[in-house]
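# Architecture at a glance
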Amino acid sequence: MFRIRRIFDDILPANTEALRQVSQILRDQFPALRASEVEKLPDLLKNPLKHRFKSILYVAENFKGLVKGFALLSFEPELRFCYLDYISTAKNITGGGIGGALYERLREESLLLDAIGIFFECLPDDPALCKDPVILKQNKARLKFYEKYGAFPIVGTAYETPVQEGDDNPPYLVFDPLDQPANLSRERARKIVRTILQNRYGDLCSPDYILKVVNSIQDDPVRLRSPRYLKSDVAGNPRRSFGSHHRKVALVVNDRHEIHHVREKGYVEAPVRIRSILKELERLSIFTTVPPKEYPEKHILAVHDAGYFHYLRRVCAALEAGKSVYPYVFPIRNATRPPKDLAVRAGYYCLDTFTPLNQNAYLAARRAVDCALTAADYLLAGNRLAYALVRPPGHHAEHRSFGGFCYFNNGAVAAQYLARYGRVAILDVDYHHGNGQQTIFYQRRDVLTLSIHGHPSFAYPYFSGFEDETGEGEGEGFNINIPLPESVDGEKYLKTLTRALKRIAFYAPDFLIVCLGLDTAKGDPTGTWTLHANDFSKAGQLIGQLRIPTVVVQEGGYRNRVLGVNCRHFFSGLWQGFYPVSKD
Ligand SMILES: [Zn+2]
């Protein structure tokens, strides 16, 4: 078993360790490589602009972090092409589908970058160019592998001219047009080949050599070799077609949300909310449904107090079906003496009097966390957008307390999970302040928390969400509250959001978590603002334009008649912002 993960930097321990293993694979599998080439890898990831190419590193690793293979791709943004620097398994590991899985991920990545295709070098399968029969056999296998994806050597050029006369095994330049028509003009091909030779092999190839190879490109468009190993109807048809998949938003729905149904009159956090949203999302074709996976409780314990976690599980399991317990005693003065009776103890862990405990609250909340983590894993695999459509919501749940319909902080658990792999920002756009993640990450700078909400002088939770709560210690400056007045329309809201997004862009996170409350809508029973469907669409678009891999986690929103419509508008905006129509 392995998973594919993108490595963004060399700062976090999980990434440092993966990079160390990648460097070892480079040394093992490419013995001719100079040490300086291996050592510059972290810098390539950190300073993409310095090197003209943007470097993208993927590893295939098992769940203990053992790297079984890796691939390094470079993207050149002016000519919009990708160059595959390396793809390799670790020593003594062969097959197992690692090479194929990595290569498929690179193709998806290239399409997301809107590249015209991937170029790379492959040693020749022509006995005249490769004298060693063992190497020749390997070369044939490799070219056959790439034929499956429609990648073929460019023919009719002098690319495979040995740099030193008499050198054996000069490489072909292979082009994978990513299932698009391979219509590569002579002019563009010349520019690309010059860029590759100058930037990648400038110290090996003389200017005369480069000029000779570039000028040898005469065909317009350039020609690719015909399939040699596979029938032409098989070549270019990889078994796992990804063309329809790579830009989809993973939709992870809490399939157990309905078991949590508080039937008291006025309890607006009801199962119908999810149904209203799903009904509208069906009208968009941008989603792919991903079933929630189960995760161990350690991920919840990474952000919630163990005493609180175990209490919630025990008290819920002990309740009769259909019975709700509302907290009614709040031992705020003596936290060292939790009340013995489980039902009485509710107030020891609760913020308010309207969030009840019942038999299924724990189970539904646990499943909601699984959904958020599944969505986070979808991002770690290199995808861009995921939506955990869950209830109960989570953003009011603090380290050791529940309230505001929330039990576990789904967004915070996902943020904590992703923070092992990169910087995370949480943007809370619910009408109510995201007090949960604020307190959980208050002293940290590796997770930025930002919330736009109704001012606590009139809006729940009343005790937090003030502008002067800016973080503490190391986290000073990494919590931002933007409280707004009672009456806010779309125009004012979008102005505020634009300002907030500038702050997030400045932080430059690797992952974004959006706590999506739709209770900012006109007519919401818990809010006072007047956002319309089009405002949600614009908000989504602004967020998408950041082009940061994003998990959206569902929070509030209680006017069921417009909830789904607003949600649909948000996602169509988000998607359009993220994937603007290409210019050519
Ligand atoms: Zn809310």
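Nothing here was measured: the structure is a model prediction, and the numbers come from that model. (Residues numbered from 1 in each chain as written. Predicted model: local features only at pLDDT ≥ 70, side-chain atom pairs only at ≥ 80, totals over all residues. Heavy atoms only, no water.)

## Concerning the overall build of the protein chain
A tally of regular secondary structure across the protein chain gives 17 helices and 16 strands. Taken over C-alpha atoms, the radius of gyration comes to 27 Å for the protein chain, in line with the 25 Å a tight globule of 584 residues would show. Judged by the C-alpha coordinates and their principal axes, the protein chain covers about 90 × 45 × 45 Å. With 584 residues in all, the protein chain has 57% of them scored as buried. Residue pairs at least 24 apart in sequence account for 76% of intrachain contacts in the protein chain once pairs closer than 6 positions are excluded. (Helix = DSSP H or I, 4+ residues; strand = E, 2+ residues; numbered from the N terminus. Rg over C-alpha atoms; globule rule 2.2 N^0.38 Å. Buried < 20%, exposed > 50% of the residue type's maximum accessible area, 1.4 Å probe, protein only. Contact = heavy atoms within 4.5 Å.)

## Points about the pairing of strand E7 (residues 172-176)
Burial runs high along E7: five of the five residues are buried. Of the two faces of E7, both are covered, the one formed by Tyr172, Val174 and Asp176 as well as the one formed by Leu173 and Phe175. Looking at chain direction, strand E5 (residues 118-122) and E7 are connected through five bridges and run antiparallel. Paired with Ile118 across the two strands is Asp176, which belongs to E7. Bridge analysis of strand E6 (residues 152-155) against E7 gives two bridges, and the strand direction is antiparallel. Bridge pairing links Pro153 to Val174 in E7. (Pairing = 2+ DSSP bridges.)

## Quick word on the sheet that holds strand E4 (residues 81-89)
Note on sheets: strands pair through backbone hydrogen bonds, and any given pair is parallel or antiparallel. The mixed open sheet is built from eight strands, whose spatial order is E1-E2-E3-E4-E5-E7-E6-E8. If you trace the sheet from one side to the other, it starts and ends with strand E1 (3-7) and strand E8 (223-224), each paired once. Inspection of the sheet shows E4 paired to E5 by two bridges, in the parallel sense. Pairing of Tyr83 across the sheet is with Phe119, part of E5.

## Regarding the packing of helix H10 (residues 306-318) against helix H12 (residues 361-380)
Running from amino to carboxyl end, H10 crosses H12 at an angle of 135°, the nearest separation of the two axes being 8 Å. Classed by the angle they form, the pair H10 and H12 counts as oblique. Touching Phe309, Leu312, Arg313 and Cys316 of H10 are Ala361, Tyr362 and Arg366, all from H12. Considering only residue class, the contact of H10 with H12 consists of five nonpolar, no polar and two charged. (Axes fitted to C-alpha atoms, helices over the stretch in contact; angles between N-to-C directions. Parallel < 35°, antiparallel > 145°, perpendicular 65-115°, else oblique. Nonpolar A, V, L, I, M, F, W, Y, C, P; charged D, E, K, R; others polar.)

## Some thoughts on the environment of Thr496
Mapping Thr496 onto the fold places it in helix H15 (residues 490-507). In the structure, Thr496 is positioned 484 residues away from Leu12 in sequence and 32 Å away in space, judged by C-alpha atoms. In terms of polar contacts, Thr496 uses its side chain to reach the backbone carbonyl oxygen of Lys492, at 2.9 Å. (Polar contact = N/O pair within 3.5 Å; in protein donor to acceptor, adjacent residues only side chain to side chain.)

## Things to note about the side chain of Arg367
Mapping Arg367 onto the fold places it in helix H12. In terms of polar contacts, Arg367 uses its side chain to reach the side chain of Asp255, at 2.8 Å. Filtering out sequence-adjacent residues up to four positions away, Arg367 remains in contact with Asn254, Asp255, Arg256, Pro292, Lys293 and Glu294.

## Comments concerning the sheet that holds strand E10 (residues 287-289)
The strand order E10-E9-E11-E16-E15-E12-E13-E14 describes an open sheet built from eight strands, whose pairing is parallel. Of all the strands in the sheet, the pair left with one neighbour each is E10 and strand E14 (479-484). Taken over all neighbouring pairs, the strand axes of this sheet differ in orientation by 20° on average, direction set aside. Pairing of strand E11 (residues 385-389) with strand E16 (residues 550-554), which is carried by four bridges, proceeds in the parallel orientation. Bridge pairing in E16 links Tyr387 to Val552. Across the sheet, helix H17 (residues 560-578) lies against strand E9 (249-253), E10, E11, strand E15 (511-516) and E16, angled at about 165° from E11, the strand it touches most.

## Focus on the nonpolar core
If you look at the biggest cluster of nonpolar residues, it comprises 62 residues, and the most contacted ones within it are Leu357, Tyr407, Phe408 and Ile513. For this core, the elements supplying multiple residues, two or more each, are E9, H10, H12, E11, helix H13 (410-419), strand E12 (424-428), E15 and E16. Ranked by residues supplied to this core, first place goes to H12 with 13 residues. Once residues lying within four places of it in the same chain are set aside, the contact partners of Phe408 are Ile300, His304, Tyr308, Phe309, Leu312, Tyr362, Ala365, Arg366, Val369, Pro393, Gly394 and Ala397. Listed in part, the 52 residues of the second largest apolar core include Ala425, Ile504, Trp529 and Phe536. (Core = buried A, V, L, I, M, F, W, Y, C linked by side-chain atoms within 4.5 Å.)

## Notes on H13
Within H13, 10 of the 10 residues are buried, which leaves it mostly tucked inside the rest of the structure. Of all the residues in H13, the buried ones are Asn410, Gly411, Ala412, Val413, Ala414, Ala415, Gln416, Tyr417, Leu418 and Ala419.

## Re the pattern of salt bridges
For the structure shown, the criterion picks out 28 salt bridges. In this structure, Asp85 engages Arg200 in a salt bridge whose closest nitrogen and oxygen atoms are separated by 2.7 Å. Remark: Arg200 occurs in helix H6 (residues 186-201) and Asp85 occurs in strand E4; sequence separation between them is 115 residues. Classification of Arg200 by relative accessible area gives partly exposed; the value is 25%. Residue Arg107 pairs with Asp176 through a salt bridge whose shortest N-O separation is 2.8 Å. You can see Arg107 sitting in helix H4 (residues 98-112) and its partner Asp176 sitting in strand E7, a full 69 residues away along the chain. In this pair, the class of Arg107 matches that of Asp176, namely buried. (Salt bridge = Lys/Arg side-chain N within 4 Å of Asp/Glu carboxyl O.)

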